[in-house]
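# Analysis of the macromolecular model
One-letter residues, chain by chain:
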Amino acid sequence: MEHYLAEQYREGLQAFGRLMPDALNAYTRFTSECFTPGELSSKDKHLMALGISLFAGNEHCIVYHLEAALAEGASEREITETVAVAGAFGGGTTLSHGVILINEVMEEKKLDVQ
């Protein structure tokens, strides 16, 4: 099940796309290319984006990239290490997003599996 913040993001993109389809298509092509496996795997790229999202305090992107990293096979330990590195760089605000929001999503994912 998708977290409500990821769902809000997707709904917002759809609304934007109805008004500016060419811009959304260009954005989608660009981001798809950025997350295509290359020297780095898609999983690693989403973990990197998760760390950046944590630092930026962007809750929608935190959840989006967390869910994408999990879908690519990221382990709970890899997620936790990403939170730690982002927290080392961004301090308490970054770490608080990581330990609260990521824990919330991870707990929801565990309930979905049961």
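These remarks concern the structure in this document. (Residues numbered from 1 in each chain as written. Predicted model: local features only at pLDDT ≥ 70, side-chain atom pairs only at ≥ 80, totals over all residues. Heavy atoms only, no water.)

### Description of the overall build of the chain
Selection criterion: Helix and strand assignments follow DSSP, with helices taken as H or I runs no shorter than four residues and strands as E runs no shorter than two, numbered in order from the N terminus. Only C-alpha atoms enter the radius of gyration; for comparison, a globular chain is expected to reach 2.2 Å times N to the power 0.38, where N is the number of residues. Buried means the residue's accessible area, taken with a 1.4 Å probe over protein chains only, is under 20% of the maximum for its type, while exposed means over 50%, and partly exposed covers the values in between. The criterion used for residue contact is that any of the two residues' heavy atoms lie within 4.5 Å. For every accessible area listed, the method is Shrake-Rupley and the probe measures 1.4 Å; residues are considered covered only by the protein chains on display.
Each helix and strand in the chain was counted, giving five helices and zero strands. Seen in sequence order, the chain has helices and strands lined up from the N terminus as α-α-α-α-α. For the chain, the C-alpha radius of gyration of 14 Å lies close to 13 Å, the compact-globule estimate for 114 residues. C-alpha atoms of the chain, sized along the principal axes, occupy 40 × 35 × 30 Å. A buried classification covers 32% of the 114 residues belonging to the chain. Residue pairs in contact within the chain that sit at least 24 positions apart in sequence constitute 62% of those at least 6 positions apart. Counting only carbon and sulfur atoms, one obtains 59% of the accessible surface of the chain, whose full area is about 7100 Å².

### Details of the nonpolar core
What counts here: Definition of nonpolar core: a set of buried residues of the types Ala, Val, Leu, Ile, Met, Phe, Trp, Tyr and Cys, connected through side-chain atoms within 4.5 Å.
Membership of the largest hydrophobic core comes to 17 residues, with the highest contact counts inside it found for Leu50, Leu54, Ile62, Val63, Leu66, Ile79 and Ile102. Elements that contribute at least two residues to this core include exactly helix 1 (4–19), helix 3 (42–56), helix 4 (59–71) and helix 5 (76–113). If you tally residues by element for this core, the top one is helix 5, at seven residues. The residues touching isoleucine 79, leaving out its near neighbours within four places in the chain, are Leu47, Leu50, Leu66, Ala69, Leu70, Ala74 and Ile102.

### Focus on the layout of surface pockets
One way to see where empty space is left: roll a probe the size of a water molecule over the atoms. As a reminder, the rule being used: A cavity here means a set of 1 Å grid points, computed over protein atoms only, where a 1.4 Å probe fits but cannot escape. A pocket is an open set with protein on both sides within 12 Å along at least 5 of 7 lines, and lining residues have an atom within 4 Å of a point. Grid points are joined across faces, edges and corners, and a volume is the space filled by probe spheres set on the points. Gly is put with the polar residues, along with every residue not named as nonpolar or charged; the nonpolar set is Ala, Val, Leu, Ile, Met, Phe, Trp, Tyr, Cys and Pro, and the charged set is Asp, Glu, Lys and Arg.
Estimated volume of the largest pocket: approximately 520 Å³. In this structure, the largest pocket is lined by 21 residues; those nearest its centre are Tyr9, Tyr27, Thr31, Phe35 and Tyr64. Listing elements by their share of the lining of the largest pocket, those giving two or more residues are helix 1, helix 2 (21–34), helix 3 and helix 4. When residues in the lining of the largest pocket are grouped by element, the largest group, seven residues, is from helix 3. The residue makeup of the lining of the largest pocket, split by class, is eleven nonpolar, eight polar and two charged.

Distances and angles like these do not, on their own, reveal function.
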